[in-house]
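# Residue-level structure breakdown
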Amino acid sequence: MTKRELRERRRRAWLLSGAVALALLVSLGSLGRLLQGIEWWLQAAFAGIAVLAAAAGTRAVLRWPFWPTLAGAVAGIVAVTVTSAPLDAFLGIVPVPETFAAFRELVARGEESIASQATPARADEGIRFLVTAAAAGIALVVDAIAHWFRSPALVGIPLLIIVSVPSVVHPTIADPLPFVLAAACYLLVLRVGARVQSGAALGLGAAVVVAALLVPAMLPPVRPAQGAGGGSGITTGLNPILDLGADLRRSEEVVALTYTTTAPGGVYLRTTSLDEFSGPTWSPGDVDEYPDNPVDAIPPAPGRAGDVAVDRYETTVQSVLLGGRWLPVPYAPESVSGLDGDWYWEPEALAVRSETAGVSGQDWEVVSTEARPTQEQLRASGTNTPAGFEPYLRLPDELPDIVRETAQEVAGAEATSFDRAVALQRFFRGPAFSYSELAPVREDYDGSGAEVLGEFLEERSGYCVHFSSAMAAMARSLGIPARISVGFAPGQPSTDSETDTRIYTVSSYDAHAWPELWFEGAGWVRFEPTPGRGAPQNFAQALPDDPTTPENEATQAPTTAPSAPAPTPTSTPGVPQQLGPDGSAAQNDRETSNAWMAVFVLAGLLVLAAPAIARLARRSRRFAALGRAGGSALDAWDEVRDTAEDHGRPGLGAPTPREFADSLRDIDSAALDRLRLALELERFAERPVDVDPADVREVCAAIAQRASFAQRIRAVLMPASVLSRFVPRLAARADGSAG
Amino acid sequence: MDSIPAGFEPGHAEVPLPGAPPMPFEDVYRRSRDVVRAIETVIDGKREAVETALTVLLAEGHLLIEDVPGVGKTMLARSLARAIDGSVSRIQFTPDLLPADITGVSIYNQSQHEFEFKPGPIFANVIIGDEINRASPKTQSALLESMEERQVTVDGRTYELATPFVVVATQNPIEMEGTYALPEAQRDRFMARISMGYPDPSAELGMIRSRETSSPLDALTPVVTTRELAAMIHTVRNVFVSPPVEQYVIALIGATRRDPDLRLGASPRATLQLIRAAKARAALDGREFVLPDDINALLVPVLGHRLIAAGRSAATAGGSNLTIAEALARIAAQTPVPLGSAGRS
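The numbers attached to residues start from 1 for each chain and follow its sequence in the written order. For naming, the first written chain is A and the first written ligand is 1, with later ones following in the order written. Residues qualify for local features only when their pLDDT is at least 70, as the model is predicted, and side-chain atom pairs are given and counted only at 80 or more; totals for whole chains, interfaces and linings, by contrast, use all residues.

### Things to note about the overall build of chain B
The number of helices and strands found in chain B is 13 helices and 13 strands. Put plainly, a residue is buried at 20 or more neighbouring C-beta atoms within 10 Å of its own, exposed at 12 or fewer, and partly exposed in between, counting only other residues' C-beta atoms, which are placed from the backbone. For chain B, buried positions account for 43% of its 345 residues. For chain B, restricting intrachain contacts to residue pairs at least 6 apart in sequence, the fraction spanning at least 24 positions comes to 80%. Runs of H or I in DSSP of at least four residues are treated as helices and runs of E of at least two as strands, each being numbered from the N terminus. Contact between two residues is assigned when their C-beta atoms, built from the backbone, lie within 7 Å.

Written out as structure tokens, the structure reads:
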């Protein structure tokens, strides 16, 4: 190679790296739909550029293609260290074992943060780390694809993945702009990366991938295959409130768990409580780990005075298709047994969690207590706001005024906090509100965030997330400490005829959220504002005071006024409804959206599998021709050649069949000689010879056998003999072997 | 199999092959192996040169062996001649050699009162022309003319030369003293030019031992008769050249004419000779048809001495073997073999 050519090649390599960097940065930008601020982008861009620049710089000096990738990997690790954990690294740059421990910590925090936030999420340390590490990793991959494998066309696939993230995570995002920008950058990569302009082929290849980038933008937003096939279970552990709507809207019912209990009428199974209302969403405030809190002895629930009656129940739960890290248990658990793995309880919420084990496949026994305060006990606290509960009263600044105003209007006139709470519950369960899992999605106010509440209060249609979130926020505005608990409604009872026990079956449609309000002396008390769902249908009306409780007599006579009913949080739950009032419509919508999802997934797979399909089609056409009379030895030979090219064999530049066969000498197969001779006789002696397709198969198998595993995968998914029509790599390779 | 008419080349009359029906291809293969083996008892480790020499013999061409003195040029020529049971003559070219010393002279026979033609050394099956570039251009041209026409005209009478007829000329590289470089036009008449090159160490060691007592050439006995050779040549003429191979040759030759590294490309005569040599090579391999590989293997021997590299003076033209060989290798690598499309029948 002359100096001029070398210079030209280097210049092109730099240009290609630049184009790839631009495409990466633009693609990362599309995540702006999901994350707040710009810091995360700067950090990720820094890491991505560090990787690409290190690889490009090394490439200019060292020829072996492995070095640039190695340099890129090192640069990526350093960049991630510098941006994410400089304090845990040597000199702030060099990663040491502590650095990786810090990384692990950041990953956990990031996952937690993703789980607990709604979009657009605050890009905290954990999320920034995840995005940065992903950017570095993807930069490394696209660099290797573009330079090492010389397939700039394939750079589109990782970019497509990044760009697709927002519409996959959030179904309502269908913004074509990021797709268009990414597609434009991708075209630039193609333009710079292609050495020889074979116009039509290049155009076709570009059109295919650009279509792949644009098609998702044009499709209606869909949820990705979360249990779409019915095969996967449900995971409430990771992202309780954000997944809830999706679980309720599943196209088919999935059984989450079954249980038996000594509690009459079944129990609410709570996974966790969300006490932090940040504005965009409710989230668990406490994400620390408590390895020293074993679940065999959990302290009593906070806030219960000695004079409040307490019932104790035993419940045996079996997970069917439930996964996740939060254990569904009735509130308040006293002890949990029968679990595999390390589980602990969180001091604030008494939720049971594990960092290492999962709910999936487990069964466990829970002893739980339930307070049964009388209505007088609940009223006793008046309107006082207990000290130390400020976090449970916090409301975000952006909370629409309608929330406070409605709260005042509905319950402001009541004398005590308890009466106000009952008024709120009655308000929600009244005729003004309707239950719908789909209305919020259609009207674009799905979620539990502050702004959503305003819309919900105007539309007055939603599901448990909206009802519980609205009631909790309104209670806070009235000075009542409130939080949202997430888990499952009691489920569907059935009687086992053999053992005569009641078994409750809890399905994905029983996924539920409910508000819990704090009253001095009673602790956290469950309310049920969601109409038609969950326990007391008429929370405020059913009021059998517990006559067996001596404290009742000791304090005040039970109220006899039916007009002022007291709450009984432990009263018999009604049969939970499987579907909302508009359930059948929901079913239809689900099916439509599933059809679109199938189209989308199928289209994506088709685009990714296009090269493999083209290769298979060509192969079967050739074998079919060989099977017919008049089949050509050239078909057999072309198949061998393409297979060799797919597996990255050298020697494709050999001009004559004999020289090419010599390049396959290591195969040493009589079949190869027969094929070669047949071709020579047919082409150069005009004497047609029958070709045995088995010979072709044997030679092709031998070629595959001698290739590395990675090459074999590549030969199937990205066959070079097909791609070389779009990417002029074959020409480059032939040049190399000739020179 | 189609029979390709031989001798279609203008100025090259169909040479009758006395009493020689074509020999089966397997026999051609066997007999030529015999010849190669016989020659290799004399010239060790030069398989390629020996095979090319035999190819030229069967293709009815003439061979030019070019190398420094003492590497066995003459030995190859002589052993080739010796392996064939035909007449052999040897002409040592010197600056004072005259055309008549090659063709022969008419002498007046006093007893019969008429001129009697005394044939020169050219009237033999195998002519060894030693150091052909030391003769004067006039003498060279007399030899080359008879090579082409396969006949000699002396005093208005034309005499046919023997069949088969092959000239094996040797020459020293032209930079050496006391030589008259063969002009391109004359080099073009040789079908192929080969270089011997120095023997490898083991071959040279074997040579020391075998030559210590006697010349192995003395022990070499003919393995092929003239009649058999004529039959073999007949067979070679029947070798099939397919259209793809013809197109391939045309493409290669065309490329030499366009190549920027070559000042003079290959002539149409070169095209014909390349095809003819390729047919011989195929027959030597026991094949009834020519492969592109035959063409590739013969590119340098057949075309090398006809081309002139660019940027060289005429004096050194043809001597810059390396550049020309490189250019030919590049052309061969870049010219695709036309295979046609599948399913044509």
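### A few points about the overall build of chain A
Broken down by element type, chain A carries 24 helices and 19 strands. Evaluated residue by residue, chain A yields a buried proportion of 46% over its 739 residues. By sequence separation, contacts in chain A at least 24 residues apart represent 75% of the contacts at least 6 residues apart.

### Describing the confidence of the model for chain A
All names here are of chain A. Across chain A, the average pLDDT comes to 75, with 78% of residues at 70 or higher. What pLDDT expresses is the predictor's confidence in each residue, scored from 0 to 100. This stretch, residues 196–201, has a pLDDT under 50; its non-local contacts, to residues over four places away or in other chains, come to six contacts. Within the model, pLDDT remains below 50 along residues 537–587, and this stretch shows 90 contacts once partners closer than five positions in the same chain are excluded.

### What to know about the confidence of the model for chain B
Residue and element names in this part refer to chain B. Of the residues in chain B, 87% reach a pLDDT of 70 or more, and the chain-wide mean stands at 82. Note that pLDDT drops below 50 for residues 1–14; the model gives that stretch 15 contacts with residues more than four away or on any other chain. In this model residues 313–319 is a low-confidence stretch, pLDDT under 50, and it forms seven contacts with partners more than four residues away in sequence or in other chains. This prediction of the complex comes with two scores: 0.48 for pTM and 0.80 for ipTM.

### Focus: helix α21 (residues 693–706) of chain A
All names here are of chain A. Relative to the 20 Å expected for 14 residues at 1.5 Å per residue, α21 spans 20 Å between its end C-alpha atoms, a close match to the ideal helical length. Inspection of α21 places Asp695, Val696, Val699, Cys700 and Ile703 among the buried residues, and these make up the whole buried set. The buried side chains of α21 occupy one side of the element, clustering within an arc of 125 degrees when seen end-on. Facing away from the buried surface of α21 by more than 90 degrees, the exposed residues are Ala694 and Gln705. Multiplying 1.5 Å by the residue count of a helix minus one yields the expected span of that helix. What the arc measures is the spread of directions leading from the helix axis to the C-beta atoms.

### A word on the interface of chain A and chain B
Chain A puts 18 residues into the contact, and the matching count from chain B is 24 residues. Mapped onto the side of chain A that touches chain B, the elements with two or more residues apiece are α18 (633–646), α19 (657–663) and α20 (670–684) of chain A. Asp, Glu, Lys and Arg are counted as charged, while Ala, Val, Leu, Ile, Met, Phe, Trp, Tyr, Cys and Pro are counted as nonpolar; the rest, among them Gly, fall into the polar class. Along the lines of polarity and charge, the residues of the side of chain A that touches chain B split into seven nonpolar, four polar and seven charged.

### A word on the nonpolar core
In these notes, a nonpolar core means any group of buried Ala, Val, Leu, Ile, Met, Phe, Trp, Tyr and Cys residues linked to one another through C-beta atoms within 7 Å. The biggest cluster of nonpolar side chains holds 116 residues, and the ones touching the most others in it are Leu675(A), Ala53(B), Leu58(B), Leu80(B), Val168(B), Leu274(B) and Ala277(B). For this core, the leading source of residues is helix α11 (residues 268–284) of chain B, giving nine residues. Not counting residues within four places of it along the chain, the set of residues in contact with Leu58(B) comprises Met232(B), Ile233(B), Val236(B), Ala280(B), Ala283(B) and Leu284(B).

### Brief notes about the pairing of strand β7 (residues 151–154) of chain B
Residues and elements named next belong to chain B. Two strands are said to pair when DSSP picks up at least two bridges between them. Two elements, β7 and strand β8 (residues 157–160), share four bridges in a ladder whose sense is antiparallel. Residue threonine 153 lies in a different strand from β8, and its bridge partner there is threonine 158. If you look at the hairpin formed by β7 and β8, you'll find two residues sitting between the two strands, and aspartate 155 has a positive phi there, around 55 degrees.

### Here we look at the sheet that holds strand β10 (residues 192–194) of chain B
All names here are of chain B. Overall, parallel pairing links the five strands, which are arranged β3-β6-β9-β1-β10 in an open sheet. Each edge of the open sheet is held by one strand with a lone partner, namely β3 (88–92) and β10. If you compare each strand with its neighbour and ignore which way they point, the axes differ by 20 degrees on average. In this structure, strand β1 (residues 63–66) lies alongside strand β9 (residues 166–171), joined through four bridges in parallel fashion. Each residue of the ladder has a partner; that of isoleucine 65, found in β9, is threonine 170. To define axes, lines are fitted to C-alpha atoms, for helices over the stretch in contact only, and angles between the resulting N-to-C directions are given on a 0 to 180 degree scale.

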